[in-house]
Amino acid sequence: MSAFKKLALAATAVALFAGQAVAEDKVVNVYNWSDYIDPSVLESFTKETGIKVVYDTMDSNEVLETKLYAGNTGYDVVVPSNLNLKREIAHDVLQPLDKDKIPNLKYAWDKVFSALSTYDPGNKYAVDYMWLTTGIGYNVTKAKERVGDMPMNSWDIVFKPEIISKFQDCGIYFLDSPDDIIPSALRYLGLNPNSKDPKDIAKASELLQSVGKYVKKYHSSEYINALANGDICLVIGWSGDVLQARTRAQEAHDKSPDKPLVDIGYAIPKEGALISFDSFTIPKDAPHPEEAHAFINYMMRPDIAAKNSSFLSYANGNLESQKSIDPKILNDKSVYPDDATMSKLFTTTPADAKAQKLWTRTWTKIKTGQ
């Protein structure tokens, strides 16, 4: 055999070996909310399983839903919230879970998964990752300067013009989420927070427009750093996000103790608040379903679920994990509410196509003030 042929065969062997190595690389593509996982958990998952995580972040359920309906997202694990989860199941864009491949489901918290079954009957498609409430986040110092010792645990703070206006100068954000804001307004008005009646939605819209001129921005993630940095002082936000802001503010103060601490509080309104669930699901056309199941199973390991909750200040759907969660988080009633508060939390269901159009128009009107 000529030297040239030997060289050519060697090159071919190297190419084939390289191709085989690439083919054997294991990967899971995850699409999750921003600032919503302990980065060290992704590192340990790869170290323990050999599966590389390609991790993208999203800012809204609407973007995720658009991607899923279009198909070929390339994602293996996505994390919709409850209302979108129900719609996505109905549109057949998610695949049923193979629970034999998720043995850590034995640690599931029955109370949470039972509530989740409202959106996923039989818990066939989704595994709860975190659950949360929608309430009021605030800068403690600036709130006291503006409203004194007024309790912050009432929707009055954000829905009474004469009160919310006092916070305009220091910055107010609302979630860019009609599914959270409109039901909260309905509850405040003494109406059914799950109402789809156009008359009720009009009343909620009128209320929200009356305070909208005081809102600096509608956004579902920027408020975390804005609160932590002291750039804003009042939000309607998600419980864990506000408490993440509190942690970041404390960390910033620890690094620069000469600067005043930005003290942040979170309140679940006494009138009642929305409880929501963010869950792991697998798109129907996921390119790596085996790796997706491995990822979800890993996240349901009690020590891993505890690590994420301790890092995020969110409650999770893993009962066993509570043995390992940071006591400051587990004993914080704004994260894990007491029974009396839990009894006032409510869920909602998705609107049908006709009501959804009204919902979308109403939200645009609220945000633009037109």
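A short tour of the structure in this document, coming up. As the structure is a prediction and not an experimental result, all values here were calculated from the model.

**Concerning the nonpolar core**
Counting 113 residues, the largest nonpolar core has V158, F167, F174, I182, Y223, L234 and F295 as its most contacted members. Per-element tally for this core: the top contributor is strand β4 (residues 127–139), with seven residues. Dropping the residues within four chain positions of it, F174 is found in contact with V158, I164, I181, V211, V215, K217, Y218, H219 and I236.

**Quick word on empty space enclosed by the protein**
As enumerated under the stated definition, the model contains three cavities of 30 Å³ or more in all. Lining the largest cavity are 27 residues, and of these W33, N61, S81, D180 and W238 sit closest to its centre. Breaking the lining of the largest cavity down by element, the ones donating at least two residues are α3 (61–70), α4 (82–90), α9 (178–188) and β9 (275–280). By residue number, the principal contributor to the lining of the largest cavity is α4, which donates three residues. Here the residues of the lining of the largest cavity are counted per class, giving nine nonpolar, eleven polar and seven charged. The computed volume of the second largest cavity comes to approximately 60 Å³. What lines the second largest cavity is a set of 13 residues, and nearest its centre among them are L83, D179, K196, T349 and W359. Listed by contribution, the elements that provide at least two residues to the lining of the second largest cavity are α4, α9 and α17 (353–368). Grouping the amino acids of the lining of the second largest cavity by side-chain chemistry returns six nonpolar, four polar and three charged.

**Brief notes about the pattern of salt bridges**
What the rule picks out here adds up to 14 salt bridges. In this structure, the salt-bridge partner of R146 is E145, at a minimum N-O distance of 3.2 Å. Salt-bridge contacts for D176 lead to K367; the nearest nitrogen and oxygen are separated by 3.0 Å. Of this pair, D176 sits in the loop between β5 (172–174) and α9 while K367 sits in helix α17, and the two are 191 residues apart along the sequence. Exposure remark for K367: the relative accessible area of 35% places this residue in the partly exposed category. Each of E48, R301 and D303 takes part in salt bridges that share partners, so that together they form one network.

**Quick word on the packing of helix α10 (residues 198–212) against α17**
It is at 10 Å that the axes of α10 and α17 come closest, and there the two elements cross at 15°. Between α10 and α17, the angle falls in the class roughly parallel. Between α10 and α17 the crossing geometry is right-handed. Contacts from P198, I201, S205, L208 and Q209 in α10 reach L358, W359, T362, K365 and I366 in α17. Grouping the amino acids of the contact of α10 with α17 by side-chain chemistry returns six nonpolar, three polar and one charged.

**Notes on the packing of α3 against α4**
Pairs of packed helices are described in terms of their axes, by the angle between the two and the distance that separates them. One way to put it is that α3 packs onto α4 with a least axis distance of 11 Å and a crossing angle of 10°. Looking at the two axes, α3 sits roughly parallel to α4. Every residue of α4 that contacts α3 at N61, E62, E65, L68 and Y69 is listed here: N84, R87 and E88. For the contact of α3 with α4, the class distribution of residues is two nonpolar, two polar and four charged.

**Description of the packing of aromatic side chains**
Tallied over the entire structure, the rule returns 15 aromatic pairs. Relative to W238, the ring of W33 lies with its centre 5.7 Å away and its plane at 70°, an arrangement referred to as edge-to-face. With W33 in strand β1 (residues 26–33) and W238 in strand β7 (residues 234–238), the pair connects residues that are 205 residues apart, well separated along the chain. Judged by its relative accessible area of 8%, W33 falls in the buried class. Taking the centre distance of 5.5 Å and the plane angle of 80° together, the rings of Y218 and W363 count as edge-to-face. Of the two residues, Y218 sits in strand β6 (residues 217–218) while W363 sits in helix α17, which places them 145 residues apart along the sequence.

**Section: the sheet that holds strand β3 (residues 77–78)**
Read across the sheet, three strands follow the order β2-β1-β3 without closing on themselves; strand pairing throughout is parallel. What marks the edges here is a single partner per strand, and that holds for β2 (51–58) and β3. By the bridge criterion, two bridges tie β1 to β3 in an arrangement that is parallel. When the bridges of β3 are listed, Y31 appears paired with V78. Its contacts with the sheet place helix α2 (residues 39–49) against β1 and β2, and it is angled at close to 155° to β2. This element, α3, spans β1, β2 and β3 of the sheet and lies at about 135° to β1.

The rules we used
Residues numbered from 1 in each chain as written. Predicted model: local features only at pLDDT ≥ 70, side-chain atom pairs only at ≥ 80, totals over all residues. Heavy atoms only, no water. Core = buried A, V, L, I, M, F, W, Y, C linked by side-chain atoms within 4.5 Å. Buried < 20%, exposed > 50% of the residue type's maximum accessible area, 1.4 Å probe, protein only. Helix = DSSP H or I, 4+ residues; strand = E, 2+ residues; numbered from the N terminus. Contact = heavy atoms within 4.5 Å. 1 Å grid on protein atoms, 1.4 Å probe; cavity = no way out; pocket = protein on both sides within 12 Å on 5 of 7 lines; lining within 4 Å. Points joined across faces, edges and corners; volume = space filled by probe spheres on them. Nonpolar A, V, L, I, M, F, W, Y, C, P; charged D, E, K, R; others polar. Salt bridge = Lys/Arg side-chain N within 4 Å of Asp/Glu carboxyl O. Axes fitted to C-alpha atoms, helices over the stretch in contact; angles between N-to-C directions. Parallel < 35°, antiparallel > 145°, perpendicular 65-115°, else oblique. Left-handed = near helix turned anticlockwise from the far one by under 90°. Phe/Tyr/Trp six-rings, centres within 6.5 Å; stacked < 30°, edge-to-face > 60°. Pairing = 2+ DSSP bridges.

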